[in-house]
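Letter by letter, the chains look like this.
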Amino acid sequence: MTKITFVATDGTRFAVDAEDGLSLMQAALHHDVPGIVAECGGCAACGTCQVHIDSAWIGRVPPAEPLEASVLAESENDHTNLRLSCQIVIDATLEGMVVEVAAAQR
């Protein structure tokens, strides 16, 4: 298990023990983190699982693939460290990571 902290749009922090191998989106859904809608179920097609990766952690996640980048390009959110949580797989190297749920989910 890897400790991930999700910060909801109202500032509420959700520190969760997430199973390695799950995506951030799956972990958020399993722990009822508000704001992660995940309409497409993790296919990088809908943009309803957007998060901002804390600057201290952005270098530890792989860069966005072209499909994810195209979905994010349409986002109304600030693009700083913006990612689709469905595209980031949890592993032990992410222990302690902080992510903020993006304000707009499309």
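Structure: above.
Keep in mind it's a predicted model, so treat the numbers as computed, not measured.

Some points on the nonpolar core
Item 1. By size, the foremost hydrophobic cluster in this structure holds 29 residues, and its most contacted members are Ile4, Phe6, Leu24, Ile36, Ile53 and Met97.
Item 2. At the level of secondary structure, the elements contributing two or more residues to this core comprise strand S1 (2-7), strand S2 (13-18), helix H1 (24-30), strand S3 (50-53), helix H2 (66-73), strand S4 (82-84) and strand S5 (97-101).
Item 3. Here the element with the most residues in this core is H1; it accounts for 4 residues.

Notes on the side chain of His52
Item 1. Here His52 lies in strand S3.
Item 2. Residue class for His52 comes out buried when judged on its relative accessible area of 17%.
Item 3. The contact partners of His52, leaving out residues within four places of it in the chain, are Asn77, Asp78, Thr80, Asn81, Leu82, Val98, Val99, Glu100 and Ala102.

Some thoughts on the pattern of salt bridges
Item 1. As enumerated under the stated definition, the model contains 2 salt bridges in all.
Item 2. Here Asp17 and Lys3 are joined by a salt bridge, their closest N and O atoms 3.2 Å apart. In this pair, Asp17 sits in strand S2 while Lys3 sits in strand S1, placing the two residues 14 residues apart along the sequence.
Item 3. When its relative accessible area of 31% is taken as the criterion, Lys3 is described as partly exposed.
Item 4. Between Arg83 and Glu68 there is a salt bridge, with its nearest N and O atoms 2.8 Å apart. Of the two residues, Arg83 sits in strand S4 while Glu68 sits in helix H2, which places them 15 residues apart along the sequence. The pair formed by Arg83 and Glu68 is uniform in burial state, with each residue classed as buried.

Basis of the calculations
Residues numbered from 1 in each chain as written. Predicted model: local features only at pLDDT ≥ 70, side-chain atom pairs only at ≥ 80, totals over all residues. Heavy atoms only, no water. Core = buried A, V, L, I, M, F, W, Y, C linked by side-chain atoms within 4.5 Å. Buried < 20%, exposed > 50% of the residue type's maximum accessible area, 1.4 Å probe, protein only. Helix = DSSP H or I, 4+ residues; strand = E, 2+ residues; numbered from the N terminus. Contact = heavy atoms within 4.5 Å. Salt bridge = Lys/Arg side-chain N within 4 Å of Asp/Glu carboxyl O.

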